[in-house]
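# Descriptive structure summary
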Amino acid sequence: MTNTDHIQASRRKCWTPPIRYIVTLLGMLGCCVDYLVRYGLSVAIVSMVNKPNVNATVTATDACPAAIVNDSGDDAGASTNEEHFNWSGYEQSVILGTFFWGYFMTKGAGGRISEVFGAREVLAASLFSSGILSILCPFMAHIHPMALAGLRFMMGFVQGPAFPALYVVIAKWAPPDELATMITIAFSGMPMGSLIGLGGSGWVIDELGWQWVFYGGGIFAILWTPFWLFFVTNDPQKHPYISKREQDLLLVNESIRPKKSVPWMKLATCWRYYPSIIAEVASSWVANLTTTQGPTFLTDKLGMNMDQVSKVLTAMQIGSWVGSFTFGRISDNLYKHCLSKVNTRRVIHSSGTILVVIATLGIALGGCDSWTVSTMMVILMIGSSCSLSTYTLSPMDFAPNYAGTLSGLLGIGNIGGFLAPVVTNALLLQTGSWTASILLTGGMAFGAGILYVALTTAEIQDWNYYDEIPSSDVESGQP
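Please read these numbers as outputs of a predicted model, since none were measured by experiment.

Helix and strand content of the protein: 23 helices and 0 strands. By residue count, 58% of the 479 residues in the protein fall in the buried class. Just so you have it, the protein exposes about 19,600 Å², and 66% of that area is on carbon and sulfur atoms.

Written out as structure tokens, the structure reads:
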């Protein structure tokens, strides 16, 4: 009896879950690990820095009474049992932003690398190496703030290819009628990682110290890697444990194969894809307010302590997680029963954008009412979660054969991730208030939402089949 016969016999003896569900679950955990090591710093830095208001980046005319009290005596939740750092507001903004500098540089190339060299291997290498770098963060922080900033740059550099690689894997493992659901579930690991990283970091800091925010995330990333490599293959048809039924179900995806060459000129002139990139810029800017600098805003402006900040951040990430599933389910139902794919994308994105705009106005007008501001922050996260059911799916809507390359090009939008902290710090110094930064965030989300709804499409582009067109036709310009 051959090895294949043994495997087929074992399948008949015991039931195993469909492998695509395991792939989706591991993808979700991978996204969770990615965000866990990415955003833990956002909370940790509040306790790492001696005084959140050092250099007076927020003036007393803008800070709430509770924040002024904290500034005069209470260190906003910082433990007195650890060494802290006298970093300026500018240094903090650079440390928070340099991750996205590296991320911006490799995300686009990472998609193509995944298509050519294997998405499974690229994702494993990305998260494993970022886990190692996370463990090194406390050491670098004690050397110099710019040493930590440089390490964070490297972490962003190695994480850039992660999400494009996951796109390539899911594109092969998802049947067409399960694509939106599997993408939503896999990428719901992002708010789950933020939930653990932001909501749980306060407890970790109180119990173990801020260093364990970095150690914990790094350990999880390293432990995740062997499970991913064991259970996932780039080609479902070559998986050693897949059932015959699932093999047949996924045969439809055999036509989705990364191409040897990319029609860069056709891609560059596909103007309907640009609204998705602009939407990613706005999304990155929103993430700066909610995730990257959210903890600093809640402590410096409202005067919350670390326990209160952790509760608000937990509620925000739960809202984002629930919102992503809700938008995904509504999207599937709308597309199945009453709307075209493109109109479904438009309705979902419009709904999310409205929530984001309302929330930013509420935060700006909420003043020192911590309950109102906290509620608006949760609504802001719910609204921003619509992206998993709209422009995030554009790579597979436009050209599934180039899903990795296109999802990588979405990374151009991460320019917002490293510009936003610097712009926010500059506005704080110029105006002495968070209001300008908050309103700018809402305005960018509104403008990007209008462009996306008005200009996007969900039709597969003809250049998706580029290398299947006879060379003579390509040279003559025939479709």
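The next thing to look at is the pattern of salt bridges. Following the criterion strictly, the structure yields 6 salt bridges and no others. Among the salt bridges present, the one from R20 reaches E246, with a minimum N-O distance of 3.2 Å. Pair noted here: R20 is in helix α2 (residues 19-48) and E246 is in helix α12 (residues 244-249), with a separation of 226 residues, a long-range link. The pair R20 / E246 is uniform in exposure class, with both members buried. Between E121 and R120 there is a salt bridge, and its shortest N-O distance comes to 2.7 Å. By sharing partners, the salt bridges in this structure join K341, R345 and D397 into a single network.

By size, the foremost hydrophobic cluster in this structure holds 94 residues, and its most contacted members are M48, W87, F187 and W228. Counting residues per element, this core draws most heavily on α2, at 13 residues.

What follows concerns the confidence of the model for the protein. The predicted structure's coordinates, where accompanied by low pLDDT, should not be read in detail. Per-residue confidence for the protein averages 81 on the pLDDT scale, and 85% of its residues sit at or above 70. Across residues 72-81, where pLDDT falls below 50, the model places 19 contacts with residues more than four positions away in sequence or in other chains. Note on residues 470-479: pLDDT under 50 across the span, and 3 contacts to partners over four residues away in sequence or across chains.

Moving on to the environment of A458. As for its placement among the helices and strands, A458 is situated in the loop between α22 (435-455) and α23 (471-476). Take A458: its relative accessible area is 12%, and that puts it in the buried class. Between the C-alpha atom of A458 and that of S340, which follows or precedes it by 118 residues, the distance is 9.0 Å. Once you skip the residues sitting within four places of it in the chain, A458 turns out to touch K341, V342 and D397.

Examined against the element boundaries, W463 turns out to sit in the loop between α22 and α23. Exposure remark for W463: the relative accessible area of 5% places this residue in the buried category. Spatially, the C-alpha atom of W463 lies 7.7 Å from that of A399, the residues being 64 residues apart in sequence. Ignoring sequence-local partners within four residues, the contact set of W463 consists of P263, K266, L267, C270, A399, Y402 and L406.

Before going further, it helps to examine a nonpolar patch on the surface. A contiguous nonpolar surface patch, about 430 Å² in accessible area, is contributed by F104, M105, M154, F157 and I412. Listed by contribution, the elements that provide at least two residues to the nonpolar patch are α4 (89-117) and α6 (145-159). Tracing the backbone through its elements, the reader meets F104 in helix α4.

Once that is clear, we can look at the packing of helix α21 (residues 415-431) against α22. In contact at an axis separation of 8 Å, α21 and α22 are set at 140° when each is read in the N-to-C sense. The orientation of α21 with respect to α22, classified from their angle, is oblique. Across the interface between the two elements, V423, T424 and L427 from α21 touch A436, S437 and L440 from α22. Class assignment for the residues of the contact of α21 with α22 results in 4 nonpolar, 2 polar and no charged.

A few words now on the packing of aromatic side chains. Counted by the stated rule, this structure contains 16 aromatic pairs. Seen from their ring centres, F85 and W87 are 4.7 Å apart, and the 10° between their planes marks the pair as stacked. When the ring of F163 is compared with that of F187, the centres are 5.5 Å apart and the planes differ by 70°; the resulting orientation is edge-to-face. One end of the pair, F163, is in helix α7 (residues 162-173); the other, F187, is in helix α8 (residues 179-187), and 24 residues separate them in sequence.

Here we take up the packing of α7 against α8. At a closest axis distance of 10 Å, the pairing of α7 and α8 adopts a crossing angle of 145°. Read as a crossing pair, α7 and α8 show a hand that is right-handed. Contact with α7, carried on its side by F163, L166, Y167, I170 and W173, involves L179, M182, I183, A186 and F187 of α8 and no other residues of that element. Residues that form the contact of α7 with α8 fall into these classes: 10 nonpolar, no polar and no charged.

Attention now moves to helix α10 (residues 201-208). All buried positions along α10 are accounted for by S201, G202, V204 and I205. Seen end-on, α10 carries its buried residues on one side only, within an arc spanning 165°. With respect to the buried face of α10, the exposed residues turned more than 90 degrees away are W203 and E207. Phi turns positive, to about 105°, at G209, one or two residues after α10.

Our focus in this paragraph is the environment of P164. When you line up the elements, P164 lands in helix α7. A relative accessible area of 0% means that P164 is categorised as buried. Taking the C-alpha atoms as reference points, P164 and A109, separated by 55 residues in sequence, lie 9.2 Å from one another. Among residues more than four places away in sequence, those in contact with P164 are K107, G110, G111, S114, G404, S407 and G408.

It is worth spelling out the side chain of Q159 at this point. Looking at the element boundaries, Q159 is found in helix α6. Residues contacting Q159, with those up to four places away along its chain left out, are D34, V37, R38, F99, Y103, S126 and S130.

Looking at where S320 falls in the secondary structure, it is placed in helix α16 (residues 306-337). Exposure remark for S320: the relative accessible area of 8% places this residue in the buried category. When near neighbours in sequence (up to four residues on either side) are disregarded, S320 contacts P191, M381, I382 and S385.

Our focus in this paragraph is α6. Here α6 spans 21 Å end to end across 15 residues, near enough to the 21 Å set by a 1.5 Å rise per residue. Among the residues of α6, those classed as buried are P145, L148, A149, L151, R152, M155, G156, V158 and Q159.

Conventions we followed
Residues numbered from 1 in each chain as written. Predicted model: local features only at pLDDT ≥ 70, side-chain atom pairs only at ≥ 80, totals over all residues. Heavy atoms only, no water. Helix = DSSP H or I, 4+ residues; strand = E, 2+ residues; numbered from the N terminus. Buried < 20%, exposed > 50% of the residue type's maximum accessible area, 1.4 Å probe, protein only. Areas by Shrake-Rupley, 256 points an atom, 1.4 Å probe, with all protein chains shown as cover. Salt bridge = Lys/Arg side-chain N within 4 Å of Asp/Glu carboxyl O. Core = buried A, V, L, I, M, F, W, Y, C linked by side-chain atoms within 4.5 Å. pLDDT = per-residue confidence, 0-100. Contact = heavy atoms within 4.5 Å. Patch = residues over 30% accessible without salt bridge, like charges linked within 9 Å, V, L, I, M, F, W, Y side chains within 5 Å. Axes fitted to C-alpha atoms, helices over the stretch in contact; angles between N-to-C directions. Parallel < 35°, antiparallel > 145°, perpendicular 65-115°, else oblique. Nonpolar A, V, L, I, M, F, W, Y, C, P; charged D, E, K, R; others polar. Phe/Tyr/Trp six-rings, centres within 6.5 Å; stacked < 30°, edge-to-face > 60°. Left-handed = near helix turned anticlockwise from the far one by under 90°. Arc of directions from axis to C-beta. Expected span 1.5 Å × (residues − 1).

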